[in-house]
Amino acid sequence: MSDKPITVGTALGDYFAAYSRRGGKALDRMKSSARTHIERQLGPVAIVKLTRKRLEQWHCDIAKSEPAVRGKRGQPAGVRKISLNLDSRKRSATANRVLTILKAALNHARNEGHVSSDAAWDRVRAFREVDLARQRYLSDDETRRLVAACPAHFRKMVMAALLSGCRYGELCRLTCEDFSRDSGTILVRVSKSGKSRHIALPPEGARFFEKETKDRPNSEQIFTRPNGAGWSHSDQQRPMQDAVKAAQLAPITFRGLRHTYASRLAMKAVPLAVIAKQLGHSNTRMVL
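Residues numbered from 1 in each chain as written. Predicted model: local features only at pLDDT ≥ 70, side-chain atom pairs only at ≥ 80, totals over all residues. Heavy atoms only, no water.

**Remarks on the overall build of the protein chain**
Helix and strand content of the protein chain: 12 helices and five strands. Burial statistics for the protein chain: of 288 residues in total, 40% are counted as buried. Within the protein chain, contacts between residues at least 6 apart in sequence are counted, and of these 62% link residues at least 24 apart. Looking at the protein chain as shown, the accessible area adds up to about 17,100 Å², and 49% of this sits on carbon and sulfur atoms. (Helix = DSSP H or I, 4+ residues; strand = E, 2+ residues; numbered from the N terminus. Buried < 20%, exposed > 50% of the residue type's maximum accessible area, 1.4 Å probe, protein only. Contact = heavy atoms within 4.5 Å. Areas by Shrake-Rupley, 256 points an atom, 1.4 Å probe, with all protein chains shown as cover.)

This is the structure we're talking about:
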């Protein structure tokens, strides 16, 4: 163990570096959460100075905090008041996810010999029964209204998600060579699990991707923004919110399009094992 006490901030940096070397796919999201909820409050603190009481209070403070609201371009982010029980549960779920990141970093520091005990954080428990099941999906009528409400450049992303079940990040990385006209499939080279997979498209999906990739270079991204740049992290949030509002739908995120895709397959009596394979899951647990 090092003679110089290691801080929480240093432990986070070491953990993120190790996570990146292992090929972790959620690095940007984890770093963003750490900057907001961990580094500002605990970053300068030496791990040996942490106590269970302090960490439990920090965990509770996140759950009670007001969620940030993205500002318009060029404007700082704000906050919105928590008025519904649903929002409180969502903040508690956020606190649990941040706690998981912190514990992972502290355990990494312990495994590397920087600290000798995990007593301060091992018994800090996550809030129970706060993770909400993602049960929202679109009906056929809602799907048509949403697609019609989308601007042209974003409409293609929405349709691709509905026809393939791909995650937003997977769609962002698709290139023209990833679509096979012969087999009617798309290849997801990099997924959340780190494994690649082929997705069998329905006939209308194959026609959609064929139209979008026709006479284009293999290395070109299929989906781009109006200025020709690729879609990046969180670029989908605002246009999705605007389209949902314009279509007068109940709130649903871009991830809900993936859920809609899976739900449609299930209602057509497609075996759960097949749905899991299409979505990139190793078993049917997540599908269930």
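**Notes on the sheet that holds strand E4 (residues 185-188)**
Read from one edge of the open sheet, three strands run E3-E4-E5, paired in antiparallel fashion. The sheet is open, and its two edges are formed by strand E3 (179-180) and strand E5 (197-200), each paired on a single side. (Pairing = 2+ DSSP bridges.)

**Let's talk about the packing of aromatic side chains**
In total, this model carries nine aromatic pairs according to the counting rule given. Seen in terms of ring centroids, tyrosine 15 and phenylalanine 16 are 5.8 Å apart; in terms of plane orientation they differ by 50°. Their pairing is tilted. A relative accessible area of 10% places tyrosine 15 in the buried class. We classify phenylalanine 16 as buried; its relative accessible area is 5%. Ring geometry for phenylalanine 208 versus phenylalanine 223: centroids 6.4 Å apart, planes at 20°, classification stacked. With phenylalanine 208 in helix H9 (residues 203-213) and phenylalanine 223 in the loop between H9 and helix H10 (237-246), this pair connects stretches of sequence that are 15 residues apart. Note on accessibility: phenylalanine 208 and phenylalanine 223 belong to one class, buried. Within the aromatic cluster, the residues linked to one another by ring pairs are Phe154, Tyr168, Trp231 and Phe254. (Phe/Tyr/Trp six-rings, centres within 6.5 Å; stacked < 30°, edge-to-face > 60°.)

**Examining the side chain of histidine 37**
Positionally, histidine 37 belongs in helix H2 (residues 27-42). Beyond its immediate chain neighbours, meaning those up to four positions away, histidine 37 contacts Trp58, Ile62, Arg91, Thr94 and Val98.

**Concerning the environment of arginine 167**
One can find arginine 167 in the loop between helix H7 (152-164) and helix H8 (168-173). On the accessibility criterion, arginine 167 (17% relative accessible area) is buried. On a C-alpha basis, the gap between arginine 167 and serine 191 in space is 8.4 Å, while along the polypeptide they are 24 residues apart. Every residue in contact with arginine 167, bar those within four places of it in the chain, is listed here: Ser191, Lys192, Arg197, Arg258, Leu279 and His281.

**Some thoughts on the nonpolar core**
Judged by nonpolar contacts, the single largest core of 40 residues is most densely connected at Leu146, Phe209, Phe223 and Phe254. Residue contacts for leucine 146: discarding those within four places in its chain leaves Leu138, Val158, Met240, Ala243, Val244, Ala247, Leu249 and Leu257. (Core = buried A, V, L, I, M, F, W, Y, C linked by side-chain atoms within 4.5 Å.)

**A word on the pairing of E5**
Every second residue of E5 is oriented toward a common face, the buried set being Arg197 and Ile199 and the non-buried set His198 and Ala200. As judged from the four bridges shared by E4 and E5, these two strands associate in the antiparallel manner. Opposite isoleucine 186, over in E5, you have isoleucine 199 as the bridge partner.

**Topic: a positive patch on the surface**
Together, Arg29, Arg97, Lys192 and Arg255 give the surface a local cluster of positive charge. Along the chain, the position of lysine 192 falls in the loop between E4 and E5. (Patch = residues over 30% accessible without salt bridge, like charges linked within 9 Å, V, L, I, M, F, W, Y side chains within 5 Å. Salt bridge = Lys/Arg side-chain N within 4 Å of Asp/Glu carboxyl O. Lys, Arg positive; Asp, Glu negative; His and termini not counted. Charge placed at Lys NZ, Arg CZ, Asp CG, Glu CD.)

**Topic: the packing of helix H1 (residues 8-21) against H2**
Closest axis-to-axis distance for the H1/H2 pair is 10 Å, and the angle between their directions is 170°. The angle between the axes of H1 and H2 places the two elements in the roughly antiparallel class. Of the residues in H2, those touching H1 at Val8, Leu12, Tyr15, Phe16, Tyr19 and Ser20 are Leu27, Met30, Lys31, Ala34, Ile38, Glu39 and Leu42. Residues of the contact of H1 with H2, tallied by class, amount to 10 nonpolar, one polar and two charged. (Axes fitted to C-alpha atoms, helices over the stretch in contact; angles between N-to-C directions. Parallel < 35°, antiparallel > 145°, perpendicular 65-115°, else oblique. Nonpolar A, V, L, I, M, F, W, Y, C, P; charged D, E, K, R; others polar.)

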